[in-house]
Amino acid sequence: MVELSNRQEKIIEIVKNNGPITGEHIAEKLNLTRATLRPDLAILTMAGFLDARPRVGYFYTGKTGSELLTEKIKKYKVYEYQSVPIVVQESSSVYDAISTMFLEDVGTLFIVDENSCLTGVVSRKDLLRAAIGKQDLNALPVHIIMTRMPNITICRREDLLIDVAKKLINKQIDGLPVVKDTPKGLEVVGRVTKTTITKVFVELITDHHI
Ligand code: ADP
């Protein structure tokens, strides 16, 4: 969330009380030049506090900082934040899946068929469960232990990130695949995890345009 400077707060006050008002008139009231004010007006407009109409001037949108923040978060799309998916063939062994999980440093693997289409998901605990059993992990194909389609929670690139965050909570899962519809099935094109959401949360604090 952007911290407004004293001058920016004053500009908002002036526009609230006098708007619509031209940049020239705001500058006069502050005993400053129009050029000095330009960056402040640009920030306030970009952040959504003020709106500008050509030949009319600036007016106050009436939106508080937290309303603007909420509006902004609601617009985040999956494709803006998704990360690279790590996929494993369904014929791979559980042993190889465990190795991949360590090598790629992820907590969820997406399982695909020979057409690279999604057939399942394995999590850390799925692999742990298999590992404490008596099976030979090299001989056990990962598709035996995976959670399979159609029970996989998925999302698409254009989905809203907030909806994906709700799915993570409601389904009590750590991540889900971003998929693309193809004639052969769902191609895995990305992943959204709890880490993705945590990064967005931190970015909100460091983002200077709210
Ligand atoms: P962990 O099991 O390591 O705590 P999760 O909470 O992500 O990790 O997984 C819980 C269970 O849900 C596992 O059995 C896993 O296979 C399954 N799972 C994980 N992600 C999904 C998903 N996107 N859709 C459906 N099931 C999933």
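Everything below is about the structure printed above this text.
Residues numbered from 1 in each chain as written. Predicted model: local features only at pLDDT ≥ 70, side-chain atom pairs only at ≥ 80, totals over all residues. Heavy atoms only, no water.

S.K.: Quick question: what am I supposed to make of the overall build of the protein here?
M.R.: Check the secondary structure of the protein and you find 10 helices and 9 strands. On C-alpha atoms alone, the protein measures out to a radius of gyration of 25 Å, which is more than a quarter above the 17 Å that the 2.2 N^0.38 rule sets for 210 residues. Dimensions of the protein, computed from C-alpha atoms along their principal axes, come out at roughly 80 × 35 × 30 Å. Relative to all contacts within the protein whose residues are 6 or more apart in sequence, the contacts with residues 24 or more apart total 57%. Counting only carbon and sulfur atoms, one obtains 53% of the accessible surface of the protein, whose full area is about 12500 Å². Distance from the positive charge centre (28 side chains) to the negative charge centre (26 side chains) of the protein: 4 Å. (Helix = DSSP H or I, 4+ residues; strand = E, 2+ residues; numbered from the N terminus. Rg over C-alpha atoms; globule rule 2.2 N^0.38 Å. Contact = heavy atoms within 4.5 Å. Areas by Shrake-Rupley, 256 points an atom, 1.4 Å probe, with all protein chains shown as cover. Lys, Arg positive; Asp, Glu negative; His and termini not counted. Charge placed at Lys NZ, Arg CZ, Asp CG, Glu CD.)

S.K.: Would you take a moment to explain the environment of Ala 139 for this structure?
M.R.: Within the secondary structure, Ala 139 sits in the loop between helix H7 (124-131) and helix H8 (142-145). Judged by relative accessible area, Ala 139 falls into the exposed class, the value being 57%. Placed 44 residues apart in sequence, Ala 139 and Tyr 95 show a C-alpha to C-alpha distance of 8.4 Å. (Buried < 20%, exposed > 50% of the residue type's maximum accessible area, 1.4 Å probe, protein only.)

S.K.: Would you mind showing me how to read the pattern of salt bridges here?
M.R.: One pass over the full model with this rule turns up 8 salt bridges. Residue Asp 174 pairs with Arg 124 through a salt bridge whose shortest N-O separation is 3.8 Å. Taken together, the residues Asp 174 in the loop between helix H9 (161-171) and strand E8 (175-182) and Arg 124 in helix H7 connect sequence positions 50 residues apart. When salt bridges with common partners are traced through the structure, they connect Arg 124, Asp 174 and Lys 194 into a single cluster. (Salt bridge = Lys/Arg side-chain N within 4 Å of Asp/Glu carboxyl O.)

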